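Given next are the chains, with one letter for each unit.
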Amino acid sequence: MELDELYTDLILEYSQSNTHRKPLIRPNYKMRGVNPSCGDNIELELNVENGMIKEVGLLGNGCAISQASAAMMAELIEGKTVEEAKQFAKTFIGMIQKTVTDEEALEVLEEARAFQNISNMPARVKCAVLSWHTLEEALEKEE
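What counts, and at which threshold
Residues numbered from 1 in each chain as written. Predicted model: local features only at pLDDT ≥ 70, side-chain atom pairs only at ≥ 80, totals over all residues. Heavy atoms only, no water. Helix = DSSP H or I, 4+ residues; strand = E, 2+ residues; numbered from the N terminus. Rg over C-alpha atoms; globule rule 2.2 N^0.38 Å. Buried < 20%, exposed > 50% of the residue type's maximum accessible area, 1.4 Å probe, protein only. Contact = heavy atoms within 4.5 Å. Areas by Shrake-Rupley, 256 points an atom, 1.4 Å probe, with all protein chains shown as cover. Lys, Arg positive; Asp, Glu negative; His and termini not counted. Charge placed at Lys NZ, Arg CZ, Asp CG, Glu CD. Core = buried A, V, L, I, M, F, W, Y, C linked by side-chain atoms within 4.5 Å. Pairing = 2+ DSSP bridges. Axes fitted to C-alpha atoms, helices over the stretch in contact; angles between N-to-C directions.

A. Inspection of the overall build of the protein at higher detail. A tally of helices and strands in the protein yields five helices and three strands. Relative to a compact globule of 143 residues, whose C-alpha radius of gyration would be 15 Å, the protein shows 14 Å and is just as compact. In terms of overall dimensions, the protein has C-alpha extents of about 45 × 30 × 25 Å along its principal axes. The proportion of buried residues among the 143 residues of the protein is 45%. Looking at the protein alone, contacts between residues at least 24 apart form 55% of all its contacts between residues at least 6 apart. Total accessible area on the protein stands at roughly 7800 Å², and carbon and sulfur atoms take up 48% of it. Of the side chains in the protein, 14 bear a positive and 25 a negative charge, and the two mean positions are spaced by 7 Å.

B. Broad picture of the nonpolar core. Counting residues in each nonpolar core, the largest one holds 42 residues, and the members touching the most others are Leu46, Ile77, Phe92, Phe115, Trp132 and Leu135. Taken together, the elements giving at least two residues each to this core come down to α1 (3–15), β2 (40–49), β3 (52–61), α2 (64–77), α3 (82–96) and α5 (122–141). Of all the elements, α2 adds the most residues to this core, at nine residues. Apart from the residues within four sequence positions on either side, Leu46 is in contact with Leu24, Pro27, Asn28, Tyr29, Ile53, Glu55, Val56, Ile77, Leu135 and Leu139.

C. Quick peek at the pairing of β2. For β2, a buried count of nine out of 10 residues is recorded, marking the element as mostly surrounded by other parts of the structure. Looking at chain direction, strand β1 (residues 29–35) and β2 are connected through seven bridges and run antiparallel. Across the sheet, residue Tyr29 finds its bridge partner in β2, namely Leu46. Where β2 and β3 come together, nine bridges link them in antiparallel fashion. Note that in β3 the partner of Ile42 across the bridge is Gly60. Following β2, the chain reverses through two residues before pairing antiparallel with β3; Asn50 in that reversal takes a positive phi of roughly 50°.

D. Unusual backbone geometry, seen in detail. A positive phi is found at Arg26, a non-glycine position, where the angle reads about 50°. Along the chain, Arg26 turns up in the loop between α1 and β1. A relative accessible area of 73% places Arg26 in the exposed class. The phi dihedral of Lys98 falls on the positive side, at around 65°, and the residue is not glycine. With respect to the helices and strands, Lys98 occurs in the loop between α3 and α4 (103–106). The class of Lys98 is partly exposed, set by a relative accessible area of 45%.

E. Highlighting the sheet that holds β3. Spatial strand order, β1-β2-β3: three strands in an open sheet with antiparallel pairing. Unpaired on one side and paired on the other, β1 and β3 mark the two borders of the sheet. Sheet twist, expressed as the average angle between the axes of neighbouring strands with direction ignored, equals 15°. This element, α2, spans β2 and β3 of the sheet and lies at about 170° to β3. Across the sheet, α5 touches β1 and β2, and the angle it forms with β1 is around 150°.

This is how it looks when you write it as structure tokens:
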């Protein structure tokens with residue numbers, strides 16, 4: 001199996017994941033993100049206690065890339081600190097923009113690295129970064 005096929009399978013698997021696809025009871029962080037160019041939308045909900053992301057809820061719909069990216073992000077940030085989540089978002093967006101290219105720095109993204117070459121498909125970049133920008137906005141808004 002080629003590496004591209006593996007990444008495609010991984011994206012397809014995550015796009016169908018329901019692990020975090022649920023509304024949260026009394027989230028203390030909530031932000032909506034929309035990609036008007038293709039209709040992707042996400043409602044990100046977070047339960048944060050003492051600076052730790054205890055639970056992530058995702059609602060909305062969109063293409064496989066936006067949904068997979070959101071699911072990978074949710075899996076990555078749940079159980080982490082707000083500061084770690086901010087750094088993950090910065091690293092992911094930097095990876096897409098090709099400003100973060102160091103392989104060691106990218107290792108923290110785990111399976112979200114499957115999107116590393118999405119910048120070769122400019123029309124899909126906004127899909128991949130939608131949830132990450134939404135996360136940044138939610139965490140900035142609540143500071």
